[in-house]
There are 2 protein chains.
Amino acid sequence: MFYSLHFAIFVNMDIKQKFGLKIKELRKLKGLSQEKLANLAEIDRTYLPTIEKGERNVSIEVVEKLANALEVKIRDLFDE
Amino acid sequence: MFYSLHFAIFVNMDIKQKFGLKIKELRKLKGLSQEKLANLAEIDRTYLPTIEKGERNVSIEVVEKLANALEVKIRDLFDE
């Protein structure tokens, strides 16, 4: 039941929310704080929390910075 | 020789140029004009050529619109 609920929630999310969730997931997997990731990605410390909350329509340059900081391929930040 | 040259050029491109090249490649593969793709993706007709030329730091919402219009997954617009 939990898995289908989780999936249902994910499916109804928009791209900003899905992307934010993915960044948060990978950041935690890497054991990084928001501050540490923002630092590594060279983005503003106050910007990252709003990205993770799905509030930001980020640009591909920010996407690339986050992928590099998380040491993943850009395509791996988008999975459907 | 041509392949390595092509690869060398691609490697030196920034994310905007790589993304633009990918959109152009997929659009042509689908036999779509720029006008037709812009229409399908619901983006301005004059915006698409600048994206394909690598001049635009597009947002993830535009990325999603283009992926849907080209009938590919978002992750397939980014391949390294």
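Residues numbered from 1 in each chain as written. Chains lettered and ligands numbered in written order. Predicted model: local features only at pLDDT ≥ 70, side-chain atom pairs only at ≥ 80, totals over all residues. Heavy atoms only, no water.

On to the nonpolar core, then. Ranked by internal contacts, the top residues of the largest apolar core, which has 44 residues, are Phe19(A), Leu66(A), Phe78(A), Phe19(B), Leu66(B) and Phe78(B). Contributions of two or more residues to this core are made by α2 (15-29), α3 (34-41), α4 (47-52) and α5 (60-70) of chain A together with α2 (15-29), α3 (34-41), α4 (47-52) and α5 (60-70) of chain B. Once residues within four sequence positions are removed from consideration, Phe78(B) is found in contact with Ile60(A), Ile74(A), Arg75(A), Phe78(A), Ile15(B), Phe19(B) and Val63(B). (Core = buried A, V, L, I, M, F, W, Y, C linked by side-chain atoms within 4.5 Å. Buried < 20%, exposed > 50% of the residue type's maximum accessible area, 1.4 Å probe, protein only. Helix = DSSP H or I, 4+ residues; strand = E, 2+ residues; numbered from the N terminus. Contact = heavy atoms within 4.5 Å.)

Turning our attention to the relation of the copies chain B and chain A. Note on the copies: chain B fits chain A at an RMSD of 0.0 Å, the axial shift is 0.0 Å, and the rotation between them is 180°. The transformation just described matches what one would write down for a two-fold rotation axis. Mapped onto chain A, 100% of the interface residues of chain B are again interface residues, and the two copies thus contact each other with one and the same surface. (Least-squares fit on C-alpha atoms with pLDDT ≥ 70 in both.)

A word on the environment of Glu25(A). Structurally, Glu25(A) is set in helix α2. Between the alpha carbons of Glu25(A) and Glu52(A) there is a distance of 9.3 Å; along the sequence they are 27 residues apart.

On the chain A side, the residues contacting the 18 residues of chain B number 18 residues. Buried area between chain B and chain A, both sides added, is near 1,900 Å², and the carbon and sulfur share of it is 58%. In terms of surface lost to chain A, no three residues of chain B exceed Ile15(B), Ile60(B) and Arg75(B), which account for 38% of the buried area on that side. Across the contact surface, chain B and chain A share four salt bridges. The partner of Glu61(A) in a salt bridge is Lys16(B), with the nearest N and O atoms 3.4 Å apart. Along the contact surface separating chain B from chain A lie 15 residue pairs in polar contact (both at pLDDT 80 or more). Only α2 and α5 of chain B provide two or more residues apiece to the side of chain B that touches chain A. The leading source of residues in the side of chain B that touches chain A is α5(B), at four residues. Of the residues that constitute the side of chain B that touches chain A, the class distribution is seven nonpolar, two polar and nine charged. (Buried area = accessible area lost by both parts, 1.4 Å probe. Salt bridge = Lys/Arg side-chain N within 4 Å of Asp/Glu carboxyl O. Polar contact = N/O pair within 3.5 Å; in protein donor to acceptor, adjacent residues only side chain to side chain. Nonpolar A, V, L, I, M, F, W, Y, C, P; charged D, E, K, R; others polar.)

Most of the time, phi is negative for any residue but glycine, and the peptide bond is trans. One non-glycine residue, Glu42(A), lies in positive phi territory at about 55°. Within the element layout of this structure, Glu42(A) appears in the loop between α3 and α4.

Here the focus is the side chain of Ser59(B). Within the secondary structure, Ser59(B) sits in the loop between α4 and α5. Its relative accessible area of 13% is what places Ser59(B) among the buried residues. With residues up to four places along the chain from it excluded, the contact list for Ser59(B) reads Asn57(A), Val58(A) and Ser59(A).

Once that is clear, we can look at the environment of Asn68(B). Position of Asn68(B) among the secondary structure elements: in helix α5. Asn68(B) sits 27 residues away from Ala41(B) along the chain, and the two C-alpha atoms are 7.2 Å apart.

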